[in-house]
Amino acid sequence: MQVNRPPSDWLPITRKEVLARGWDELDVVIISGDAYVDHPAFGSAVIGRIIESEGFKVAIVPQPNWQDDLRDFKKMGKPRLFFGISSGCMDPMVNHYTANKRKRSTDAYTPGGEAGFRPDYATTVYSKILKELYPDVPIVIGGIEASLRRVTHYDYWSNKLFPTILKDSGADLLVYGMGEIPLRHLLHLMNDGHPIETIRHLRQTAFLQPGEEEIAADVPWETIHLHSHGRCLRNKRSFASNFKHIEQQSNKVQADRLVQKVGDKFLVINPPNPPMTENEIDGSFDLPYTRMPHPKYNKRGSIPAYEMIRFSINMHRGCFGGCSFCTISAHQGKFIASRSEESILKEVEKVTQMPDFKGYISDLGGPSGNMYKMKGKVQEICDRCVAPSCIHPVVCNNLDTSHKQMTDLYRKVDKHPKVKKAFVGSGIRYDLLVDDYNKNNDGSLDEYMEQVVCRHVSGRLKVAPEHTSDATLKVMRKPSFKHFHKFKEKYEHYNKKHGLNQPLIPYFISSHPGSTDEEMANLAAETKDMGFRLEQVQGFTPTPMTVATVIYYTGLHPYTLRPVYTARSKKERENQHLFFFWYKRDNYHKIRDKLTSMGREDLVEKLLHDRKKAVKRDIIKGRKRRKR
Ligand code: SF4
C-alpha cells in the first residue's frame, strides 16, 4: 500500500532530495547492496539513522549500477568524512546462489524480487570503484559480508581460501558485528580531524597495518597471533586451528586482539564491544524510521524481505546457541542484548497504526525466538567464559533461562486492543523448554509453552532439531534428538488440552559435517515413524566464518583438530538429500538401491514397504494408459 508521506521523511537517496534539505555537501555517503527500506531490520537504514542522529548529513545510494558509467557512485559527490559500504543483509553469494551453486532468479531485497541489482562480492566491487573515483576519501566497510569475511575464510563459491576482505576491497576500516557503537565513535573521531589511518584503538574494527612495528602497543588488550594467511593457504590444519581463537574472541566479554600476517601487511582485529545495554539498544530501535521502503520504489513492486517483516518486532539481539553452521554469534555475539518492554510496546503501537495493519503481528521474536532477557546469573563468571554455546553440550548452570519476562510481554502485546494475534515466527529453541535438558527450569517453561501454543502459533510451529543422529548433532552443537521427542509430547499435550490442531514442522539439514548416508537413512526412517513427511529441509551451505564451514574445507574440527567425515561432492550431497524425500515415487528405486548397497534392507522395509505398492500401482496405471 502506498502512503502519502513526503520523501523528506526518509533519508535522501537522490541528489534532488539532498538539495531539498539545503545540503550542498554530505558527511557520509552509504553505498548499499539492498534497496533502502527505512526499517530497523535493514542495516543501511540503521546505519543511516544513527549517523543522522549524531547530527551528520548522510545519504544512501541503494543498489548502484556498477556496470555503466558509474553515475550512481558519483551522484552524491565526495563526502566530507567517508564512504560507508554494506552489501546488504545477506552475504551476496548466499543471496545470489543456492546451496548447489545454482544462480537464483529472485532477490528478496530488491523491489519486485528482481535479481541482478547487486554484483557478486559486492563490498569489494563497490569499494574498488570508489577507490578509483575518489582515492583520497576513506572507505569504511560493514554489514554481514564484511563482518564475516574479516579474516582468512573459506569461500564455497570459488572453492578457495580468501584473505580478509580488507585486502581485496582496499577499504580503510572494517566495522564488524552490529555497528552502532563503533560507528558513533568513528564519526566523532573523524569529525574531530583524526585521519582514518590513525584510528587504531576502536573496538569492533579491523584494519591492515603496513608493518608489525606499526601495530599499536598502547592498547588495553592482549594480542593473539593467528597463523598467517599464506600459511593457511599451505596448511589446512593451521587454518582450522585459527578458527578456535576467532570464535572464542568474537564471543568473549574481555576479548583479545587478533593479528594475522596477510602478504606483507598485518591484519589487526580489535576486540568487540560488550553487549549493548538496554538504553543503547532501545536508542537504536527508537530512531525515527518510517518503517517503509523509500517511495521511489512504489512502482517497482514490493520488496519480499520487507513484506516478511513489516509487521514484526525484534525484541533482542544475539544468540547463545552456538550452532556450528550458524553465523549469528560471529556477527551479533552470544550475549543477548534485550530491548526494554517500553521500547517494544512502543513499536507494537507504531505497527498497529500502519494503514494496512489488519491486526496480526507476524513475529515477536529475535535471532532465536525465546532468548529475550536471558543472561548469566553471575556476570563475573560469564566475563571469564570462553564457551561458544551456553546450552551445549548442556545448559550452563549459570544461565538464567527464565521465560517469565517473555510470557508477560507476550500477554501485554496480546492485550493491545488492535492486536488480534501476535505470532512468534522466529524459531524457538525447543531444547530450552524440555525439562530433561534444561535443568535450570525455574517453573516458567510450561507457562510459556502453553501461552505460545494457545496464542502465538500461526497454524504450524516450526522448530529445528536439524538431525536425528547424536553424533552429527554433537558436531552441530545441537541436543540429542531424544529431547525433540519429549518436546513433541509436550507440544501435543498442550494442543490437545486446548482443542487445537497445530502441526509441528521440524527443520533438518543434509550433508552437514559429520552426517553420513546411513545417518540420513536413519533420519528418514525415524521421522517417518513419528508421522512426518519432511518439507522444511536444506542442504548444508558452507558460509564464511562458521565451525561447520571450517570442517567442510579442512576435514578437521577446529577445536580438536580431529578428522570429521563430510559429504563434499555434488553426488554425495545429492545422495544425502534424497533421503528426505523417501515418499516421492521418483526416488523409490534410487533409495532402495542405496539402502541395499549399504546392507540396510531393514530400512528398505521400514521406509519403502508402503511405497512399493504405490509404485506398482503407478506402473500398472501407466501401462493401461499406454494401451489405451
Ligand atoms: S558462564 Fe554460562 S551463561 Fe555465562 S557465558 Fe558462559 S556458558 Fe554462557
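For the structure given in this document, a descriptive report is provided here. These numbers were taken from a predicted model, which means no experiment stands behind them.

When helices and strands are tallied, the chain shows 24 helices and 24 strands. The globule rule puts the C-alpha radius of gyration for 628 residues at 25 Å, and the 25 Å found for the chain is close to it. Taken over the C-alpha atoms alone, the chain extends approximately 75 × 65 × 60 Å along its principal axes. Here the chain, with 628 residues, has 58% of them falling under the buried criterion.

Another aspect to go through is the pairing of strand 23 (residues 504-510). Counting buried residues along strand 23, 6 of its 7 residues qualify, which places the element largely inside the surrounding structure. Pairing analysis gives 4 bridges linking strand 22 (residues 461-466) to strand 23, with the strands arranged parallel. Its bridge partner being in strand 23, Glu466 is matched across the sheet by Phe508. Pairing geometry for strand 23 and strand 24 (residues 537-539), over 3 bridges, is parallel. Counted as the bridge partner of Ile509 is Gln538 from strand 24. Viewed along the sheet, the connection from strand 23 through helix 20 (residues 517-529) into strand 24 turns out right-handed.

Taken together, the neighbourhood of the ligand is formed by Lys334, Phe335, Ile381, Cys382, Cys385, Cys390, Cys396, Asn398 and Leu399. Tallied by class, the residues present in the shell around the ligand amount to 7 nonpolar, 1 polar and 1 charged.

Here the focus is the sheet that holds strand 23. Strand pairing in a sheet takes place through backbone hydrogen bonds and is either antiparallel or parallel in direction. Read across the open sheet, the 3 strands follow the order 22-23-24; overall the sheet is parallel. Across the chains shown, the open sheet's two edge strands, defined by having one partner strand only, are strand 22 and strand 24. Between one strand and the next, the sheet's axes are offset by a mean angle of 20°, whatever the strand orientation. Sheet strands in contact with helix 22 (residues 570-578) are strand 23 and strand 24, and its direction is about 170° off that of strand 24.

A word on the environment of Lys103. Within the element layout of this structure, Lys103 appears in the loop between helix 4 (92-96) and helix 5 (122-133). A C-alpha to C-alpha distance of 22 Å links Lys103 and Tyr553, two positions 450 residues apart in sequence. Once residues within four sequence positions are removed from consideration, Lys103 is found in contact with His96, Tyr97 and Asp120. A distance of 3.4 Å separates the side chain of Lys103 from the side chain of Tyr97, its partner in a polar contact.

This brings us to a positive patch on the surface. Judged by side-chain charge, Lys613, Arg617, Lys621, Arg623, Lys624, Arg625, Arg626 and Lys627 come together as a positively charged surface patch. In this structure, Lys624 sits in helix 24 (residues 601-627).

Bringing the sheet that holds strand 5 (residues 139-142) into the picture now. Across the sheet, 9 strands lie side by side as 3-1-4-5-8-9-12-11-10; this open sheet has mixed pairing. Every other strand in the sheet has two partners, leaving strand 3 (58-62) and strand 10 (223-225) as the edge strands with one partner each. The sheet shows a mean angle of 20° between the axes of neighbouring strands, taken without regard to direction. Here helix 5 sits on the sheet and contacts strand 1 (28-32), strand 4 (82-86) and strand 5; the angle it forms with strand 4, its principal contact strand, is near 160°. Along the sheet, helix 8 (residues 180-191) contacts strand 1, strand 4, strand 5, strand 8 (173-175) and strand 9 (205-209); its crossing angle with strand 4, the most-contacted strand, is approximately 160°.

On to the side chain of Asp107, then. As for its position among the elements, Asp107 is in the loop between helix 4 and helix 5. Residue classification places Asp107 among the buried positions, given a relative accessible area of 2%. Polar contacts involving the side chain of Asp107 include one to the side chain of Arg118, which spans 2.9 Å. Apart from residues no more than four positions distant in its own chain, Asp107 is found in contact with Asn95, Gly113, Glu114, Ala115, Arg118 and Pro304.

This brings us to the side chain of Arg291. In this structure, Arg291 sits in the loop between helix 11 (278-285) and strand 13 (292-293). Side chain to side chain, Arg291 and His39 meet in a polar contact 3.2 Å long. Excluding residues within four positions of it along the chain, Arg291 makes contact with Asp38, His39, Pro40, Tyr306, Arg310, Ser312, Glu347, Lys350, Val351 and Met354.

Turning our eyes to something else, we now look at the pairing of strand 3. A regular strand places its side chains on the two faces of the sheet in alternate fashion. For strand 3, a buried count of 5 out of 5 residues is recorded, marking the element as mostly surrounded by other parts of the structure. Here strand 3 shows two buried faces, one formed by Val58, Ile60 and Pro62 and the other by Ala59 and Val61. Where strand 1 and strand 3 come together, 5 bridges link them in parallel fashion. Its bridge partner being in strand 3, Ile30 is matched across the sheet by Ile60.

With that settled, consider the nonpolar core. Core analysis: the largest hydrophobic core is formed by 177 residues, its most contacted members being Ile31, Phe82, Ile141, Phe320, Ile361 and Phe487. Per-element tally for this core: the top contributor is helix 21 (residues 547-554), with 6 residues. If sequence neighbours within four positions are ignored, Phe487 has contacts with Tyr430, Leu433, Val434, Met449, Leu461, Val463 and Leu504. Residues Ile181, Met276, Phe285 and Ala337 belong to the second largest nonpolar core, which totals 5 residues.

According to the stated counting rule, one finds 38 salt bridges in the structure shown. When the shortest N-O distance is used, the salt bridge between Lys412 and Glu341 registers 2.6 Å. Residue Lys412 is found in helix 16 (residues 404-415), and its partner Glu341 is found in helix 14 (residues 341-352); the two are separated by 71 residues along the sequence. Of the residues examined, Lys412 reaches a relative accessible area of 40% and is grouped as partly exposed. Here the residues in one salt-bridge network are Arg21, Asp38, Arg49 and Glu52, joined through shared partners.

What counts, and where the lines are drawn
- Residues numbered from 1 in each chain as written.
- Predicted model: local features only at pLDDT ≥ 70, side-chain atom pairs only at ≥ 80, totals over all residues.
- Heavy atoms only, no water.
- Helix = DSSP H or I, 4+ residues; strand = E, 2+ residues; numbered from the N terminus.
- Rg over C-alpha atoms; globule rule 2.2 N^0.38 Å.
- Buried < 20%, exposed > 50% of the residue type's maximum accessible area, 1.4 Å probe, protein only.
- Pairing = 2+ DSSP bridges.
- Right-handed = clockwise from strand over helix to strand, strands pointing away.
- Near = heavy atom within 4 Å.
- Nonpolar A, V, L, I, M, F, W, Y, C, P; charged D, E, K, R; others polar.
- Axes fitted to C-alpha atoms, helices over the stretch in contact; angles between N-to-C directions.
- Contact = heavy atoms within 4.5 Å.
- Polar contact = N/O pair within 3.5 Å; in protein donor to acceptor, adjacent residues only side chain to side chain.
- Patch = residues over 30% accessible without salt bridge, like charges linked within 9 Å, V, L, I, M, F, W, Y side chains within 5 Å.
- Areas by Shrake-Rupley, 256 points an atom, 1.4 Å probe, with all protein chains shown as cover.
- Salt bridge = Lys/Arg side-chain N within 4 Å of Asp/Glu carboxyl O.
- Lys, Arg positive; Asp, Glu negative; His and termini not counted.
- Charge placed at Lys NZ, Arg CZ, Asp CG, Glu CD.
- Core = buried A, V, L, I, M, F, W, Y, C linked by side-chain atoms within 4.5 Å.

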